[in-house]
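Inside the fold
Each chain, letter by letter, is given below.
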Amino acid sequence: MGTDMTPERRDKFIATLDRRQPDMTLITDQVHKARNTAALIRTADAVGIGEIHSVEPKEGYRFAGTTQGSDRWVKPLVQRL
C-alpha cells in the first residue's frame, strides 16, 4: 500500500479483506448459460468467496469477458463430464 494512503482508506481496505470468506466454496452443476456462471463468479467475488467448483455442461462454455475481472480473484475449478 502506498505511503500517500490515508489511515481511513487503509482501515477500509483491511476491513474489506477481513470480511472475505476463504472457508466457503460455491458449487454449481451444469449451469447451461455461461452468463449465469459469470454472474455467479461476480457474486462470489463480491461476498469474498475465493473458489468455485463447477460441473460443466457437455456442450461446454464460451466466456467472452463477462466476468468483468472477477476471475482474477475467484479460482474456478471445472469438472467436465
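**With respect to the overall build of the protein chain**
Counting secondary structure elements, the protein chain contains 2 helices and 3 strands. For the protein chain, the residues scored as buried account for 23% of the 81 residues in total. For the protein chain, the accessible surface area stands at approximately 6,300 Å², while carbon and sulfur atoms represent 52% of it.

**Focus: the pairing of strand S2 (residues 49-56)**
In this sheet, S2 lies alongside strand S1 (residues 21-29) in parallel orientation, the contact comprising 6 bridges. When the sheet's bridge partners are listed, threonine 28 is paired in S2 with serine 54. Chirality of the crossover, the property in question, places the unit of S1, helix H2 (residues 34-47) and S2 among those that are right-handed.

**Topic: H2**
An ideal rise of 1.5 Å per residue puts 20 Å on 14 residues; H2 measures up with 20 Å between its terminal C-alpha atoms. Of the positions making up H2, those classed as buried are Ala34, Thr37, Ala38, Ile41, Ala44 and Asp45. Buried residues in H2, looked at end-on, bunch into an arc of 120°, giving them a common side. Opposite the buried face of H2, at more than 90 degrees from it, the exposed residues are Arg35 and Ala46. Close packing links the buried residues of H2 with S2.

**Overview of the pattern of salt bridges**
In total, this model carries 1 salt bridge according to the counting rule given. The shortest N-O distance in the salt bridge between arginine 10 and aspartate 11 comes to 4.0 Å. Given the relative accessible area of 42%, arginine 10 is considered partly exposed.

**Here we look at the side chain of threonine 28**
The residue threonine 28 is located in strand S1 in this model. Of the polar contacts made by the side chain of threonine 28, one reaches the side chain of serine 54; its length is 2.8 Å. Not counting chain neighbours up to four residues away, the residues in contact with threonine 28 comprise Leu40, His53, Ser54 and Val55.

**Things to note about the confidence of the model for the protein chain**
Of all residues in the protein chain, 70% attain a pLDDT of 70 or more, and the chain-wide mean is 77. Across the protein chain, the secondary-structure element scoring lowest on mean pLDDT is strand S3 (residues 75-80), at 61, and the one scoring highest is helix H1 (residues 7-18), at 87.

**Some thoughts on the environment of leucine 40**
Within the secondary structure, leucine 40 sits in helix H2. Accessibility expressed as a relative area gives 30% for leucine 40, which makes it partly exposed. On a C-alpha basis, the gap between leucine 40 and threonine 28 in space is 9.0 Å, while along the polypeptide they are 12 residues apart.

Thresholds applied
- Residues numbered from 1 in each chain as written.
- Predicted model: local features only at pLDDT ≥ 70, side-chain atom pairs only at ≥ 80, totals over all residues.
- Heavy atoms only, no water.
- Helix = DSSP H or I, 4+ residues; strand = E, 2+ residues; numbered from the N terminus.
- Buried < 20%, exposed > 50% of the residue type's maximum accessible area, 1.4 Å probe, protein only.
- Areas by Shrake-Rupley, 256 points an atom, 1.4 Å probe, with all protein chains shown as cover.
- Pairing = 2+ DSSP bridges.
- Right-handed = clockwise from strand over helix to strand, strands pointing away.
- Expected span 1.5 Å × (residues − 1).
- Arc of directions from axis to C-beta.
- Contact = heavy atoms within 4.5 Å.
- Salt bridge = Lys/Arg side-chain N within 4 Å of Asp/Glu carboxyl O.
- Polar contact = N/O pair within 3.5 Å; in protein donor to acceptor, adjacent residues only side chain to side chain.
- pLDDT = per-residue confidence, 0-100.

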